[in-house]
Amino acid sequence: TFDKGTVFTVYLPRVDKAPDSETKTKSQVLPGGTETVLIAEDEEMVRQLVHRTLSDLGYEVLVSRNGWDAMKSWERRDQHIDLLLTDVVMPGMGGKELAERLLEKQPDLKVAFMSGYADQMGEGKTLVPDEAFLQKPFEPIDLAEKVRKTLDG
């Protein structure tokens, strides 16, 4: 027996039905693909998260630290990628300028923007037609769904 200590009592709600075996977790429903995605992101942790998530989902991922680095990656890739996923605000060349330059060279390029600045995508601030946008911070499921939706366009 215990003479000293604390006793905790935990009350859990009664469940009359066992969980449905068809219920899927978020990790089971992440949409993937095999397309080539060029990431332009100056924040190391975000860049690593996006790279790992998309690679794990089957995408070919090219990683760059800024707009100029992304331009070089695009050129080394024989001027074709399926999706540009770029931060809006980066030192040097930001995401808007990068997208505009690449769209001039590859008009069929799909573009998705991400930013931690809520006011970057306010009303009336159009970056490119039919833009896709991810507000930072985001979950891997949000990233996977936005990339797939943008590619399927």
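Procedures and definitions
- Residues numbered from 1 in each chain as written.
- Predicted model: local features only at pLDDT ≥ 70, side-chain atom pairs only at ≥ 80, totals over all residues.
- Heavy atoms only, no water.
- Helix = DSSP H or I, 4+ residues; strand = E, 2+ residues; numbered from the N terminus.
- Buried < 20%, exposed > 50% of the residue type's maximum accessible area, 1.4 Å probe, protein only.
- Contact = heavy atoms within 4.5 Å.
- Areas by Shrake-Rupley, 256 points an atom, 1.4 Å probe, with all protein chains shown as cover.
- pLDDT = per-residue confidence, 0-100.
- Arc of directions from axis to C-beta.
- Salt bridge = Lys/Arg side-chain N within 4 Å of Asp/Glu carboxyl O.
- Axes fitted to C-alpha atoms, helices over the stretch in contact; angles between N-to-C directions.
- Left-handed = near helix turned anticlockwise from the far one by under 90°.
- Pairing = 2+ DSSP bridges.
- Parallel < 35°, antiparallel > 145°, perpendicular 65-115°, else oblique.
- Nonpolar A, V, L, I, M, F, W, Y, C, P; charged D, E, K, R; others polar.

Undergrad: Hey, could you run me through the overall build of the protein chain in this one?
TA: Summing up its helical and strand segments, the protein chain has 4 helices and 5 strands in all. Listing each helix as α and each strand as β along the protein chain from the N terminus yields β-α-β-α-β-α-β-β-α. Out of the 153 residues belonging to the protein chain, those deemed buried represent 38%. Within the protein chain, residue pairs in contact and separated by at least 24 positions form 65% of the contacts whose partners lie at least 6 positions apart. About 10,100 Å² of surface is accessible on the protein chain, with carbon and sulfur atoms providing 50% of the total.

Undergrad: Could you clarify how one ought to interpret the confidence of the model for the protein chain in this entry?
TA: With 76% of its residues at a pLDDT of 70 or more, the protein chain has an overall mean of 83. For the protein chain, strand β5 (residues 132–135) is the element with the lowest average pLDDT, namely 90, and strand β1 (residues 36–40) is the one with the highest, namely 97.

Undergrad: Explain helix α3 (residues 95–105) here, please?
TA: Given 3.6 residues per turn, any residue in an α-helix points the same way as the ones three and four places further on. Taken as a whole, α3 has its buried residues at Gly95, Leu98, Ala99 and Leu102. Seen from one end, α3 has its buried residues packed into an arc of 95 degrees, which puts them on one side. Structurally, α3 contributes buried residues whose contacts are with β1, α2 (67–76), β3 (83–87) and β4 (110–115).

Undergrad: It is not clear to me how the pattern of salt bridges should be interpreted in this structure. Could you clarify?
TA: Summed over all chains, the structure comprises 10 salt bridges. Between Lys136 and Glu43 there is a salt bridge, with the nearest N and O atoms lying 3.4 Å from each other. Highlighted residues: Lys136 in the loop between β5 and α4 (140–152) and Glu43 in the loop between β1 and α1 (44–56), separated in sequence by 93 residues. Close ionic contact of Glu100 with Lys96 constitutes a salt bridge, the shortest N to O distance being 4.0 Å.

Undergrad: In this structure, what is going on with the packing of α1 against α4? I would like to understand it.
TA: Packed helices, taken two at a time, are described by their axes: the angle between them and the distance between them. Contact geometry for α1 and α4: axes closest at 10 Å, N-to-C directions at 65 degrees. Both α1 and α4 take part in a crossing whose hand is right-handed. When α1 is examined against α4, the residues Leu49, Val50, Thr53 and Leu54 are found in contact with a partner set consisting of Pro140, Leu143 and Val147.

Undergrad: Looking at this structure, how should I read the sheet that holds β3?
TA: Strand pairing in a sheet takes place through backbone hydrogen bonds and is either antiparallel or parallel in direction. Reading across from one edge, β2-β1-β3-β4-β5 is the order of the 5 strands in this open sheet, with parallel pairing throughout. Edge positions in the sheet fall to β2 (60–64) and β5, since each of these pairs with one other strand and no more. In this sheet, adjacent strand axes meet at a mean angle of 20 degrees when their direction is disregarded. Sheet contacts for α1: β1, β2 and β3; angle to β2, the most-contacted strand, approximately 170 degrees. Here α4 sits on the sheet and contacts β3, β4 and β5; the angle it forms with β5, its principal contact strand, is near 175 degrees.

Undergrad: What's the story with the packing of α2 against α3 in this structure? I'm lost.
TA: Interhelical geometry of α2 versus α3 gives an angle of 20 degrees and a closest axis separation of 10 Å. The orientation of α2 relative to α3 falls into the category roughly parallel. As for how α2 packs across α3, the hand of that crossing is right-handed. Counting all contacts with α2, which are made through Gly67, Trp68, Ala70, Met71 and Trp74, the residues of α3 involved are Leu98, Arg101, Leu102 and Lys105. Across the contact of α2 with α3, the residue classes tally to 6 nonpolar, 1 polar and 2 charged.

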